[in-house]
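Structure at a glance
The primary structure of each chain is shown beneath.
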Amino acid sequence: MEKNFDVIVIGAGPAGYVASIRCAQLGMKTACIDNWLDEKGQPSPGGTCLNVGCIPSKALLESSALYVQASQELEGHGITTGPVSFDVSTMMRRKRQLVKGLTSGVRSLLTGNNITLFTGNGRLLADKQVEVNRDGNITVIHAKNIILAPGSTNRALPAIPIDDDIVVDSSGALSFAEVPNRLAVIGAGVIGLEMGSVWSRLGSKVSIYEYAPSFLPFADKQISKTALATYKKQGLEFNFGAEVTKASITSGKITLHYSNGDSRHQAEFEKIIVAVGRIPNTSDLFSDAAGIRLDNQGRIEVNEQCSTNVEGIYAIGDAVRGPMLAHKGSEEGMMVAELIAGQYARVDYGTIPFVVYTDPELAWCGKTEQALIEQDIPYSTGQFSFAANGRAMASGSATGMIRIHAHRDTDRVLGVHMIGPHVSELIGQAVIAMEFGSSSEDLAMTMFAHPSLSEVLHEAALDVTKRAIHKVSRK
Ligand code: FAD
Ligand code: NAI
């Protein structure tokens, strides 16, 4: 087998497999090493995202949303169904088939691009040598350039160890065999909200315990406030400022102990999901001789162009600074491949879209209102509600709004924040606008189809200068 390459990529998640494909497209002899195996022990490239992250979570979000629609919303359209029920094992089978299809697709893309796929653990040694270890069988390969894309894993909470039965992490939460009656979620972050929503829609009584005193502090305040009120109406229960101290299991039930300031509490559940953030996979990634530096949060230290402190060695995706998002890792993968090929390339970290796939969805890019205030940047805000949009009303999903913050002097769009139906799709329009350096005036002068949800973006842009049509605005 070939042992010398132009590029070796460690990790075949959305960062690593995309980097590998782009390197191959640019004519480089590329190897990609990944250690993810499916339940049959077969290679399953695609990383966290395809195997236990973005895709399986969205599969269950979709199934559970359809159940809510069929059981609660169709009647209002005059559609009679009779009693609606669901089968968790069919939902899980559908999810597994989706994962299988997509991971097989990635495998075909890698082989179709003549990328050599090694299955096993990759470990960087000195002088750009990489050791591949598959069940103790060691192969050493070498390349002129190395891309580290090892991703991340769920952070453990020492007070509540995962037992993969009653206490689970996000992967376990994607695989419950049945709906737990009482479910606790530790962490009101993105995973907590998405997985809490799935099981709540299917009938669990869900209580979320969040250490921080506030909700989604990184989202625009108005958006997180509306989101919290809506989630509560849907039946999710929130406990902020909650420090979980212990969990004790007796006869299949678990008692969760937590404190709120000086008061101590306990509550009983059938399952607990621990979703308190993720940590980079760097523990056995390189030898000391490789000379790679980590930052103070255990991530691989890189500059804006994803170069590590060692020349010719790059790191991308969840294992480096920045948000842990699949699309951010993929963009870094493409950038690094192009830089290695001697091309100009960059990632615009200021326009990364963020999405929370609950109902309603949340989506944003650019600066929040609180960041603008903190940074003393003068701004004007335009805001428009889905409740005044014909298409949203016709679809029966008219909760939420779009907010646009534009620079008060230059009118350049600085941030766009959305809560509402299909905003995971609408946010792309805002990202394009910001990427093109758009002003709110540019968006206001653009024609949007009627009736469409995107008219809410148009009206929000008009509202920056208080001339939204379907709203009484005051200057
Ligand atoms: P990963 O996807 O983690 O891939 C890294 C790969 O490298 C893995 O296959 C790993 O096993 C392998 N590896 C690690 N070390 C080695 C080694 N030494 N040798 C060989 N192989 C190695 N992000 C979004 O943008 N949108 C979403 O909707 C979304 N939903 C999510 C839902 C859940 C439940 C979770 C857990 C995450 C979600 N994410 C989402 C985050 C997203 O999955 C990650 O940001 C993304 O997968 C990171 O990509 P990556 O390539 O850096 O790492
Ligand atoms: P997160 O960082 O989004 O949220 C973790 C939450 O747990 C935070 O609110 C934090 O304050 C809280 N927390 C931390 N320690 C705690 C403790 N001891 N007790 C109670 N609460 C505690 O992390 P999460 O939800 O685990 O997701 C991990 C990553 O995966 C995120 O960074 C996100 O980017 C990515 N992801 C993205 C999705 C998307 O784009 N739609 C979906 C799911 C995950």
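For the structure itself, look to the data block above.
Residues numbered from 1 in each chain as written. Chains lettered and ligands numbered in written order. Predicted model: local features only at pLDDT ≥ 70, side-chain atom pairs only at ≥ 80, totals over all residues. Heavy atoms only, no water.

**Focus on the overall build of the protein**
For clarity, the threshold we go by: Secondary structure elements are defined from DSSP: runs of H or I of at least 4 residues count as helices, runs of E of at least 2 residues count as strands, and each element is numbered from the N terminus. Radius of gyration means the value over C-alpha atoms here, while the globule rule gives 2.2 Å times the residue count to the 0.38 power. Buried residues are those whose accessible area, probed at 1.4 Å on protein chains only, stays under 20% of the maximum for their type, while exposed residues exceed 50% and partly exposed ones sit between those limits. Whether two residues are in contact is decided by their heavy atoms, any of which lying within 4.5 Å being enough. Working definition of accessibility: Shrake-Rupley area with a 1.4 Å probe, residue cover restricted to the visible protein chains. Residues scored as positive are Lys and Arg, those scored as negative are Asp and Glu, and His as well as the terminal groups of each chain are ignored. In plain terms, the charge of a residue is placed at NZ if it is Lys, CZ if Arg, CG if Asp and CD if Glu.
Scanning the protein from N- to C-terminus turns up 13 helices and 22 strands. Computed over C-alpha atoms, the radius of gyration of the protein comes to 24 Å, within 12% of the 23 Å expected from 2.2 N^0.38 for 475 residues, which places it in the range of a compact globule. Considering only C-alpha atoms, the protein reaches an extent of 70 × 65 × 50 Å along its principal axes. Counting the 475 residues in the protein, one finds 52% classified as buried. For the protein, long-range pairs separated by at least 24 residues make up 61% of all intrachain contacts whose partners lie at least 6 apart in sequence. By element, 50% of the accessible surface of the protein is carried by carbon and sulfur atoms, the whole surface being about 22,300 Å². Here the protein carries 43 positive and 50 negative side-chain charges, and the mean point of each set is 2 Å from the other.

**Brief notes about helix 1 (residues 16-25)**
Across the ten residues that make up helix 1, a large majority, nine, are buried. Looking at helix 1, one finds that the buried residues are Gly16, Tyr17, Val18, Ala19, Ser20, Ile21, Arg22, Cys23 and Ala24. Residues of helix 1 that are buried sit in contact with strand 1 (4-10), strand 2 (30-34), helix 4 (88-112), strand 6 (137-148) and helix 8 (326-340). Among the residues trailing helix 1, Gly27 stands out with phi positive, at a value near 90°.

**Quick word on the pairing of strand 15 (residues 271-274)**
Keep this limit in mind: For two strands to be treated as a pair, DSSP must find at least two bridges joining them.
Here strand 15 shows no split at all, with Lys271 and Ile273 on one side and Ile272 and Val274 on the other all buried. Judged from the two bridges that link them, strand 8 (residues 167-168) and strand 15 form a sheet pairing that is parallel. If you follow Val168 over to strand 15, its bridge partner there is Ile273. Taken together, the four bridges between strand 9 (residues 182-186) and strand 15 define a ladder with parallel strand orientation.

**Quick notes on the sheet that holds strand 20 (residues 379-385)**
In plain terms, the rule: Throughout, an axis means a line fitted to C-alpha atoms (over the contacting stretch in the case of helices), and angles, computed between N-to-C directions, take values from 0 to 180 degrees.
Pairing in this open sheet of five strands is antiparallel, and the strands run 18-19-22-21-20 from one edge to the other. Of all the strands in the sheet, the pair left with one neighbour each is strand 18 (354-356) and strand 20. Each strand axis lies, on average, 10° off the axis of its neighbour in the sheet, ignoring direction. As paired strands, strand 21 (residues 401-407) and strand 22 (residues 413-420) are joined by six bridges and run antiparallel to one another. The residue of strand 22 that forms the bridge with Ile404 is Val416.

**Some thoughts on the side chain of Asn239**
Looking at the secondary structure, you find Asn239 in strand 11 (residues 237-240). The residues touching Asn239, leaving out its near neighbours within four places in the chain, are Ser207, Ile208, Tyr209, Glu210 and Tyr258.

**Side note on the pairing of strand 5 (residues 129-134)**
Bridge count for strand 4 (residues 121-124) against strand 5 is four bridges, and the pairing is antiparallel. Bridged to Leu124 within strand 5 is Val130. Here strand 5 pairs with strand 6 via six bridges, running antiparallel. If you follow Glu131 over to strand 6, its bridge partner there is Val140. Connecting strand 5 to the next strand, strand 6, in antiparallel fashion are two residues, including Asp135 with a positive phi near 50°.

**Some remarks on the site of ligand 1**
Worth spelling out the cut-off: Near residues are defined by distance, with any heavy atom within 4 Å of the molecule or strand qualifying the residue. Two N or O atoms count as a polar contact when they lie within 3.5 Å, although within protein this holds only if one can serve as hydrogen donor and the other as acceptor, and sequence-adjacent residues are included solely when both atoms are side-chain atoms.
Taken together, 36 residues lie around ligand 1, and Asp34, Asn35, Thr48, Lys58 and Gly122 are the ones closest in. Interatomic distance of 2.7 Å between a side-chain N/O atom of Thr48 and an oxygen atom of ligand 1. When isolated, ligand 1 has an accessible area of 1,000 Å², and the protein chains bury 92% of it. With four residues, helix 2 (residues 47-52) is the single largest residue contributor to the shell around ligand 1.

**Quick notes on unusual backbone geometry**
Residue Pro360 follows Asp359 across a cis peptide bond; omega there is 0°. Examined against the element boundaries, Pro360 turns out to sit in the loop between strand 18 and strand 19 (361-366). In this model, His450 is joined to Pro451 through a cis peptide bond whose omega is -10°. By the element assignment, Pro451 lies in the loop between helix 12 (440-444) and helix 13 (455-464). You will see that Lys128, though not glycine, has its phi angle at about 60°, which is positive. Tracing the sequence through the fold places Lys128 in the loop between strand 4 and strand 5. By relative accessible area, Lys128 is classed as buried at 19%.

**As for the pattern of salt bridges**
As a reminder of what qualifies: Any carboxyl oxygen of Asp or Glu that lies within 4 Å of a side-chain nitrogen of Lys or Arg is treated as forming a salt bridge with it.
The final tally for this structure, using the stated rule, is 15 salt bridges. Between Glu194 and Lys58 there is a salt bridge, and its shortest N-O distance comes to 2.7 Å. Of the two residues, Glu194 sits in helix 6 (residues 190-201) while Lys58 sits in helix 3 (residues 54-73), which places them 136 residues apart along the sequence. A relative accessible area of 25% means that Lys58 is categorised as partly exposed. Residues Asp220 and Arg403 are paired through a salt bridge, measuring 2.6 Å at the closest nitrogen-oxygen approach. Of this pair, Asp220 sits in the loop between strand 10 (205-210) and helix 7 (221-233) while Arg403 sits in strand 21, and the two are 183 residues apart along the sequence. With respect to burial, Asp220 and Arg403 carry one shared label: buried. One salt-bridge network, held together by shared partners, links Asp220, Glu369 and Arg403.

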